[in-house]
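A closer look at the structure
Residues per chain are reported as follows:
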Amino acid sequence: MKLDKQRAMAELDVPEDFYLELVRDFLGQADAAVKRLGELAAAGGPFEEMAKIGHFLKGSAGNLRIQEIYEMAIELERAGLQGDRSVVVQKLGEIRGALAELHTQV
Amino acid sequence: MGEKELAGARQGGAKVLIVDDDVALVRLLSFHLEKDGYTVLSAGDGDEGLRLASEERPDLILLDMNMPKLRGMGFYSRLRSPGGKTLFPIFVLTAQEESQHVFSDFPVEGFMKKPCDVSRLLSEVKRIVRAKEMEVRKAASALGSGRKARSYRGRILIVDDEPVSANALALAFWEAGYLVQMLAAGRYILNWAAGSLPDVVLVRLSLYDYPGYELIYKLHRMPETKNVQCILFTEENDLSLRYRFAKAAEEGVLEGGGLRQIVKSSEPAVLLKRAESLLEAARAVGKDANVGGTAA
């Protein structure tokens, strides 16, 4: 995944170094949330908590204009609400990968 | 508060409290708000948000709907007065599409769907804070002007060290037309009440520095305040109630203290009703012909 820093900085009206700090803050919380999501997915529930994690990632990634993770999180939240374990597991994998790539860009 | 004092209080910038568990968003909003001259406070969960709101009395709260401990709606309902207003202006931030519908019956200052449009949010903050400042200036100006003085139905002194409850009580009495003064600790009451005689004193039973009944006992032994109407209140589920009254009886303060009005509730509506019936009774027997008046 490619972080579109220019677009995000323009929309949020922040300088680059500050924006990167914000993304690091996001990564700190997102890593913990995804770790918890992995535990929940392995245990098979509860789906409500998985949906909440999706909801948090959606809001947080969206606020920083991290578009790909935002879109994956929308689907994760929906799958959690529908109790669809296979989609939750699929999105978990995708979000893990996207976060790992994001780490390399900040 | 006079207009000069008000202007002085504003020099440090209006206070905005952000209640949100999204660390990056809190930093982003703080960055912009501080740049615009606001003082920013933040809380990562509802309990901490309530504590800060009570202590710091913000000019505006930006509230996330989906946060740990006390969710947005729980936080909101704790800050509502019996009249339906909130103690502080609240602007709701949410990624939940249905929140606007949920809040349609509640008086919030506005909504913004996440992801936030930062510049629109900053405009909203400015609008709300300005409107509040105008409202306060108007009230201060009315209080400061002899011609436009606000008449009031009585002076109420609230002695309560639970900030959320004290604020809710103050708002309810103020909305009902009373002049309200507040003390957060029992130790100040004796000097204060003698100097500015209230019509009714509401005292929390379990103040941290003095038992409430002891304060009332002392008030009633001072010549200046011996006839002041007092209401001692506590929560309905206060498990220490029986013990405290046994102790009060043991210390001999129940008989002489005139604890005629004991209310097992801290609900503003209940206490307002009780205070009004006390004032009514005082007027009827002509004990206090000067209840109420005009704020100068």
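Up top is the structure these notes are about.
What counts, and where the lines are drawn
- Residues numbered from 1 in each chain as written.
- Chains lettered and ligands numbered in written order.
- Predicted model: local features only at pLDDT ≥ 70, side-chain atom pairs only at ≥ 80, totals over all residues.
- Heavy atoms only, no water.
- Contact = heavy atoms within 4.5 Å.
- Buried area = accessible area lost by both parts, 1.4 Å probe.
- Salt bridge = Lys/Arg side-chain N within 4 Å of Asp/Glu carboxyl O.
- Polar contact = N/O pair within 3.5 Å; in protein donor to acceptor, adjacent residues only side chain to side chain.
- Buried < 20%, exposed > 50% of the residue type's maximum accessible area, 1.4 Å probe, protein only.
- Helix = DSSP H or I, 4+ residues; strand = E, 2+ residues; numbered from the N terminus.
- Pairing = 2+ DSSP bridges.
- Right-handed = clockwise from strand over helix to strand, strands pointing away.
- Axes fitted to C-alpha atoms, helices over the stretch in contact; angles between N-to-C directions.
- Parallel < 35°, antiparallel > 145°, perpendicular 65-115°, else oblique.
- Left-handed = near helix turned anticlockwise from the far one by under 90°.
- Nonpolar A, V, L, I, M, F, W, Y, C, P; charged D, E, K, R; others polar.
- Phe/Tyr/Trp six-rings, centres within 6.5 Å; stacked < 30°, edge-to-face > 60°.

How big an interface is tends to be stated in terms of accessible area lost as the parts join. Between chain A and chain B, the residue contacts involve 21 residues of the former and 20 residues of the latter. Roughly 1,700 Å² of surface becomes buried between chain A and chain B when both sides are summed, with 57% attributable to carbon and sulfur atoms. On inspection of chain A and its partner chain B, the count reaches 2 salt bridges. Where chain A touches chain B, the interface holds 8 residue pairs in polar contact (both at pLDDT 80 or more).

As a further point, take the pairing of strand β1 (residues 15–19) of chain B. Residue and element names in this part refer to chain B. Across the 5 residues of β1, 4 count as buried, placing the element largely inside the fold. Examined bridge by bridge, β1 and strand β2 (residues 39–43) share 5 bridges and lie parallel to one another. Bridging from a neighbouring strand, V19 pairs with A43 of β2. With respect to chirality, the unit in which β1 leads through helix α2 (residues 23–35) into the neighbouring parallel β2 is right-handed. Pairing of β1 with strand β3 (residues 60–64) involves 4 bridges; the strand directions are parallel. The partner of V19 across the bridge, within β3, is L63.

All names here are of chain A. One can describe the packing of helix α3 (residues 47–63) onto helix α4 (residues 67–82) by two numbers: an axis separation of 7 Å at closest approach and a directional angle of 160°. The angle between α3 and α4 falls in the class roughly antiparallel. As for how α3 packs across α4, the hand of that crossing is left-handed. Contacts from F47, A51, G54, H55, L57, K58, A61 and G62 of α3 reach α4 at I69, Y70, A73, I74, L76, E77, G80 and L81. Residue classes in the contact of α3 with α4 are distributed as 10 nonpolar, 4 polar and 2 charged.

Moving on to the packing of aromatic side chains. Tallied over the entire structure, the rule returns 2 aromatic pairs over all chains. Centroid distance F18 of chain A to F31 of chain B: 4.4 Å. Interplanar angle 25°. Geometry classified as stacked. In this pair, F18 of chain A sits in helix α2 (residues 16–43) while F31 of chain B sits in helix α2, so the two residues belong to two different chains. Assessed through its relative accessible area of 11%, F18 of chain A is described here as buried. For F31 of chain B, a relative accessible area of 25% corresponds to the partly exposed category. Between the aromatic rings of F173 of chain B and Y178 of chain B, the centroid separation amounts to 5.7 Å while the plane-to-plane angle is 70°, which identifies the pairing as edge-to-face.

By themselves these figures say nothing about function.
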